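What the coordinates show
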Amino acid sequence: MKKSLLTLIMAMIMALACTTSAFAAEELGYVNVERVFRSYPDIQTTMSVINLERQKAENEFNEKAPNLDDKGRRELGEKLSAQVDKKEASLLNPIREKIRKTIGQVAKAHGIANVVDASAVVFGGKDLTEEVITAVAQGK
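Residues numbered from 1 in each chain as written. Predicted model: local features only at pLDDT ≥ 70, side-chain atom pairs only at ≥ 80, totals over all residues. Heavy atoms only, no water.

Things to note about the environment of Arg54
Basically, it comes down to this: The helix and strand labels rest on DSSP assignments: H or I over at least four residues marks a helix, E over at least two residues marks a strand, and numbering proceeds from the N terminus. For the exposure calls, accessible area comes from a 1.4 Å probe over protein chains only, and a residue counts as buried if that area is under 20% of its type's maximum, exposed if over 50%, partly exposed in between.
Within the secondary structure, Arg54 is located in helix α3 (residues 43–64). Of the residues examined, Arg54 reaches a relative accessible area of 24% and is grouped as partly exposed. The sequence separation of Arg54 and Ser81 amounts to 27 residues, and the corresponding C-alpha distance is 8.2 Å.

Following this line, the structure appears as structure tokens:
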């Protein structure tokens, strides 16, 4: 579910970044952002760290919650959730930013001013996904 939410958020960010002038451009680029994200080097390790953090928070909640009233459980849940969210953001935001910059670089190399997520494309455009995956893997 987190991956789907992440993909949706990334697609929305990219779609919002494009203005109506995108359709006036000679060619529109598109990228399967979810696929790029899944192919990111060491993403499995990063996701494992996030899942471990979630598991620790869940264990802590299960350990402490029985001794708390409803308000205490809610506060503990919010605190632990915020900690997990902070850890997740600290690990994933640099990856998202690198992917976004790489998409921009690949698009610029093709003379494409506007790129949307592949899920938003009905017809036409240039698929930049493979080139972005290769560039991210090479650290460009």
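Some remarks on the pattern of salt bridges
Short version of the rule: When a carboxyl oxygen of Asp or Glu is within 4 Å of a side-chain nitrogen of Lys or Arg, the pair counts as a salt bridge.
With the rule as written, the count across this model stands at 6 salt bridges. Taking the shortest distance from any N to any O, the salt bridge between Arg35 and Glu130 comes out at 1.8 Å. Note that Arg35 is positioned in helix α2 (residues 33–39) and Glu130 in helix α5 (residues 129–138), a separation of 95 residues in sequence. Between Glu88 and Arg54 there is a salt bridge; the shortest N-O distance is 3.1 Å. With Glu88 in helix α4 (residues 70–109) and Arg54 in helix α3, this residue pair connects regions lying 34 residues apart in the sequence.

Focus: the environment of Asp127
Note the threshold: In protein, a polar contact means a hydrogen-donor-capable atom and an acceptor-capable atom, both N or O and within 3.5 Å, with residues adjacent in sequence counting only if both atoms are side-chain atoms; elsewhere, any N or O pair within 3.5 Å suffices.
Summarising the element assignment, Asp127 is placed in strand β3 (residues 126–127). A polar side-chain atom of Asp127 sits 2.6 Å from a polar atom in the side chain of Thr129.

Remarks on the sheet that holds strand β2 (residues 115–117)
Definition in use: Here a strand pair is declared whenever DSSP counts at least two bridges between the two strands.
The strand order β2-β1-β3 describes an open sheet built from 3 strands, whose pairing is parallel. Single-partner strands in this sheet number two, and they are β2 and β3. Bridge count between strand β1 (residues 29–31) and β2: 3 bridges; the pairing is parallel. Directly across from Val31, in β2, lies its bridge partner Asp117.

Comments concerning the packing of α4 against α5
Packed helices, taken two at a time, are described by their axes: the angle between them and the distance between them. Stated formally: Axis lines are fitted through C-alpha atoms, for helices just across the contact stretch, and the angle between N-to-C directions can take any value from 0 to 180 degrees. Angular relationships are summarised with four words: roughly parallel below 35 degrees, roughly antiparallel beyond 145, roughly perpendicular across 65 to 115, and oblique for the angles in between. For any pair of crossing helices, the crossing counts as left-handed if the nearer helix is rotated counterclockwise from the farther one by less than a right angle, and right-handed if it is rotated clockwise. Contacts between residues were defined by any pair of non-hydrogen atoms, one from each residue, lying within 4.5 Å. Any residue that is not Ala, Val, Leu, Ile, Met, Phe, Trp, Tyr, Cys, Pro, Asp, Glu, Lys or Arg is counted as polar, Gly included; the first ten are nonpolar and the last four charged.
Two elements in contact, α4 and α5, have axes separated by 9 Å at closest approach and are oriented at 120 degrees. Taken together, the axes of α4 and α5 are oblique relative to one another. Here the hand of the crossing between α4 and α5 comes out right-handed. Facing α4, whose interface residues are Lys98, Ile99, Thr102, Ile103 and Val106, α5 presents Glu131, Val132, Ala135 and Val136. Taken together, the residues of the contact of α4 with α5 sort by class into 6 nonpolar, 1 polar and 2 charged.

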